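What follows is each chain in one-letter form.
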Amino acid sequence: MEHLIDIKNVSKIYNPGENEVRALDNVSLQVDEGEYVSIVGQSGSGKSTLMNILGCLDIPSSGRYILNGTGIGSMPDDALSEIRNKTIGFIFQGFNLVSNLSALENVELPLLYRRMGREERQAIALDALHRVGLSERVDHLPSQMSGGQQQRVAIARAIAARPPIILADEPTGNLDSRSGETVMEILRELHAEGKTVILITHDNAIADSVDRTIRILDGRIVEDRTRELAG
Ligand SMILES: Nc1ncnc2c1ncn2[C@@H]1O[C@H](COP(=O)(O)OP(=O)(O)OP(=O)(O)O)[C@@H](O)[C@H]1O
Ligand SMILES: [Mg+2]
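All values reported here derive from a predicted model rather than from experimental measurement. (Residues numbered from 1 in each chain as written. Chains lettered and ligands numbered in written order. Predicted model: local features only at pLDDT ≥ 70, side-chain atom pairs only at ≥ 80, totals over all residues. Heavy atoms only, no water.)

Draft legend 1. Representation of the sheet that holds strand S2 (residues 21–31) within the structure. Taken in spatial order, the 4 strands line up as S2-S1-S4-S5 in an open sheet, and their pairing is antiparallel. Edge positions in the open sheet fall to S2 and strand S5 (70–72), since each of these has one partner strand only. Strand-to-strand twist in this sheet, taken as the mean axis angle between neighbours without regard to direction, amounts to 25 degrees. When strand S4 (residues 62–67) meets S5, the two strands line up antiparallel, connected through 3 bridges. Paired with tyrosine 65 across the strands is isoleucine 72, a residue of S5. Strand contacts of helix H1 (residues 47–54): strand S1 (5–14), S2 and S4, with the helix running at about 125 degrees to S1, the strand carrying the most contacts. (Pairing = 2+ DSSP bridges. Helix = DSSP H or I, 4+ residues; strand = E, 2+ residues; numbered from the N terminus. Axes fitted to C-alpha atoms, helices over the stretch in contact; angles between N-to-C directions. Contact = heavy atoms within 4.5 Å.)

Draft legend 2. Focus on the pairing of strand S10 (residues 220–226). Here strand S9 (residues 212–217) pairs with S10 via 6 bridges, running antiparallel. Each bridged residue has a counterpart across the sheet, and for leucine 217 the counterpart in S10 is arginine 220. Hairpin connection, S9 to S10: the antiparallel pair is bridged by 2 residues, and aspartate 218 has positive phi, about 50 degrees.

This is how it looks when you write it as structure tokens:
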């Protein structure tokens, strides 16, 4: 069976030469459609590096990556951005919203990159904002919203284009526990709808609440555990 995500012997070396950092060391990993995977490991272990490679924001120094049947790596930048835009929705710890754009405009951005017309774009963006409970906030700037609301805008932006894969790097890291729970609830719903979700977290309770947990240490996968969830 073909895996949705299939990386083999991937290494990532920053600053090759004397001060090189081997952020990923010969990592192989397969993720199938519809999985919910958490990635844990101490600070500096290589989690974000792995996520950036999975999300085609960065390319491996060596090894190969097949995403949805397509070999990534020998691909020109614009082709890579197009695959990224269609396949992957990102959610970051720091929200990464554009500060001078409203919630609605932020969510429209990835659709704009797809050259979608204004009306369709707005309808889809409004729908996504409704989905995360922010219909009342569409005209607000990021600075006029709470952290939890900003993260929900970021989720709306990630899901508006309906990518099959959601990559979330510490999405609750800057949130109070209640807002964090809301974000986790939305991610659970997206997974229940069939999306493949990959979540980086420091929080063991969150990591343990999903089907599969991968532990990284010094750029290597040291544990890959799938659990039977009750209920
Ligand atoms: N652009 C870069 N240039 C040089 N070194 C880098 C770069 N990005 C990351 N590193 C190094 O690679 C290693 C892995 O970093 P990474 O950001 O993947 O860790 P992480 O597990 O996400 O940590 P955290 O939990 O703190 O976010 C670290 O030693 C880091 O200092
Ligand atoms: Mg990180």
